[in-house]
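Descriptive analysis of the structure
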Amino acid sequence: MIRAWIVSTGSFVPERILTNDDLKSLVDTSDEWIMERTGIRERRIADKTEAASDLAYGAAKAALKSADLKARDLDLIIVATVSGDMLLPSTACILQDRLNAKKAAAFDVNAACSGFIYGLSVANAYIKSKLFKRVLVVGAEILSKFTDWEDRTTCVLFGDGAGAAILEATAEEKGILSAKIHSDGSMWDLLQTPGGGSRKPASRETIRRRLHFIKMKGNETFKVAVRTLENLVTETLDENNLKPSQLSLLIPHQANLRIIKATAERLKLPLERVMINIDRYGNTSAASVPIALDEAVKAGRVKEGDHILLEAFGGGVTWASALIKW
Ligand code: ACO
């Protein structure tokens, strides 16, 4: 049987660090509130000239280097983002040009924080169906440019960054064992950037009403996320006849430390077997899972033969998991 396996990973984050204390000069908040409610201590913020494709390029180059591959070896580029360079064209096409990946097809996936795992599932399907042999999947976000820096309920949460993985076909007993994607559009209004699209095209009025910034019903989103992720992880393991004790590492989307802990508790997984970096990056949306995966690989926390589980929940609403034998 042909499977898709992850040959290499890479990540890239902007240099500038914004701490919780720095945020105190922008909105009425405190380090204690942010740490206690979210687990975030600091986040990376892109500079004025940087766009999502610049961070994607850094992550993609790192993944190519680590696999000793050239961009021309890629058959397909998928970029998961909700903060792309422009509405048109796709960030994936801009990345393809920058990489000079002449042979590759390129498109974006919009599934908010679940985007990278959605991208993995698409790559997995293409590889298993033998349409493509080698696929680059990137999660890249610059949410800081869509953040209302006067809204304390959202501006303390998000950060910028990118993570990438290169997938290849293999006949060996390794790689993606299952990739599950789900959505429930009836909750689309929990998380939205209402202005600038075809519903409310950019105008003086949309800008005056700050509609081009992310709005989130945080508390409702929190409750749905906890319930949904708890079910998702148990279902994914059950379907693959694996017990939580057989899981070497859980790599969750980094939206809130309380959500991560609730999922780990449901699986009775000690926190040593959960990848956590939310304290340093905040919620980087589609970039969070691949950055965490890359850091786990680099730190030697993922070894050959290990079972690892990626999971995420995000706007849409969407949720997704990928069970991988490394
Ligand atoms: N500093 C100080 N106080 C604050 C801040 C802040 N930054 N933000 C809100 N508060 C206040 C609120 O005004 C409220 O005050 P009140 O009780 O006087 O009204 C109080 O703190 C509690 O607010 P809640 O919103 O109920 O706080 P909660 O415990 O729910 O935490 C949070 C908020 C962190 C946003 C949480 O709800 C959360 O993490 N939600 C889920 C996020 C998520 O998973 N998103 C999905 C992925 S994101 C994507 O797809 C791009």
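Residues numbered from 1 in each chain as written. Predicted model: local features only at pLDDT ≥ 70, side-chain atom pairs only at ≥ 80, totals over all residues. Heavy atoms only, no water.

On to the domain arrangement of the protein chain, then. Segmentation of the protein chain into domains returns domain 1 (3-172) and domain 2 (177-325). Spacing between the C-alpha centres of domain 1 and domain 2 amounts to 14 Å. Counting from both sides, the interface comprises 48 residues of domain 1 and, opposite them, 45 residues of domain 2. Between domain 1 and domain 2, a total of about 3,600 Å² is buried, with carbon and sulfur atoms accounting for 63% of that surface. On the domain 1 side of the interface with domain 2, the three residues burying the most area are Cys113, Ile117 and Tyr118, jointly 19% of the side's total. (Domains from an automatic or database assignment. Contact = heavy atoms within 4.5 Å. Buried area = accessible area lost by both parts, 1.4 Å probe.)

With the rule as written, the count across this model stands at two aromatic pairs. When the centroid spacing of 5.0 Å and the interplanar angle of 70° are considered together, the rings of Tyr126 and Phe132 count as edge-to-face. Accessibility expressed as a relative area gives 26% for Tyr126, which makes it partly exposed. A centroid spacing of 6.5 Å and a plane angle of 20° characterise the contact between Phe313 and Trp319, whose relative ring orientation is stacked. By relative accessible area, which is 6% here, Phe313 ends up buried. If you follow Arg98 out to its NZ or CZ, it ends over the ring of Tyr57, 4.0 Å from the centre. In this structure, Lys174 packs its charged tip against the face of Trp5, placed 3.5 Å from the ring centre. (Phe/Tyr/Trp six-rings, centres within 6.5 Å; stacked < 30°, edge-to-face > 60°. Buried < 20%, exposed > 50% of the residue type's maximum accessible area, 1.4 Å probe, protein only. Lys NZ or Arg CZ within 6 Å of the ring centre and 35° of its normal.)

All right, on to the pairing of strand β12 (residues 307-314) then. Judged by how many residues are buried, β12 sits mostly within the fold: eight of eight residues are covered. Sheet topology note: the strand β11 (residues 249-252)/β12 ladder contains four bridges and is parallel. Among the inter-strand pairings, Pro252 is bridged to a residue of β12, identified as Glu311. Strand direction decides the pairing type here: β12 and strand β13 (residues 318-325), joined by eight bridges, are antiparallel. When the bridges of β13 are listed, Phe313 appears paired with Trp319. In this antiparallel pair of consecutive strands, β12 and β13, the connection spans three residues, and Gly316 shows a positive phi of 140°. (Helix = DSSP H or I, 4+ residues; strand = E, 2+ residues; numbered from the N terminus. Pairing = 2+ DSSP bridges.)

Now for the site of the ligand. Every one of the 27 residues lining the ligand counts as a neighbour, but Thr29, Arg37, Cys113, Arg152 and Asn256 are closest to it. In this structure, an oxygen atom belonging to the ligand sits 2.9 Å away from a side-chain N or O atom of Asn219. Contact between the ligand and Arg258: an oxygen atom at 3.0 Å from a side-chain N or O atom of the residue. Within the complex, the protein chains bury 75% of what would otherwise be the 1,000 Å² of accessible surface of the ligand. Of all the secondary-structure elements, those providing two or more residues to the shell around the ligand are α2 (31-38), α6 (152-155), α8 (218-239), α9 (257-267) and β12. The two domains that each donate at least three residues to the shell around the ligand are domain 1 (3-172) and domain 2 (177-325). (Near = heavy atom within 4 Å. Polar contact = N/O pair within 3.5 Å; in protein donor to acceptor, adjacent residues only side chain to side chain. Areas by Shrake-Rupley, 256 points an atom, 1.4 Å probe, with all protein chains shown as cover.)

The subject of this paragraph is the pattern of salt bridges. For the structure on display, the rule yields 15 salt bridges. Note that Glu205 and Arg208 form a salt bridge whose closest N and O atoms lie 3.0 Å from each other. A residue pair is termed a helical-turn pair when its members lie 3 or 4 positions apart in one helix, as Glu205 and Arg208 do in helix α7 (residues 204-208) at three residues. For Arg208, a relative accessible area of 58% corresponds to the exposed category. Connected via shared salt-bridge partners are Asp148, Glu150 and Arg210. (Salt bridge = Lys/Arg side-chain N within 4 Å of Asp/Glu carboxyl O.)

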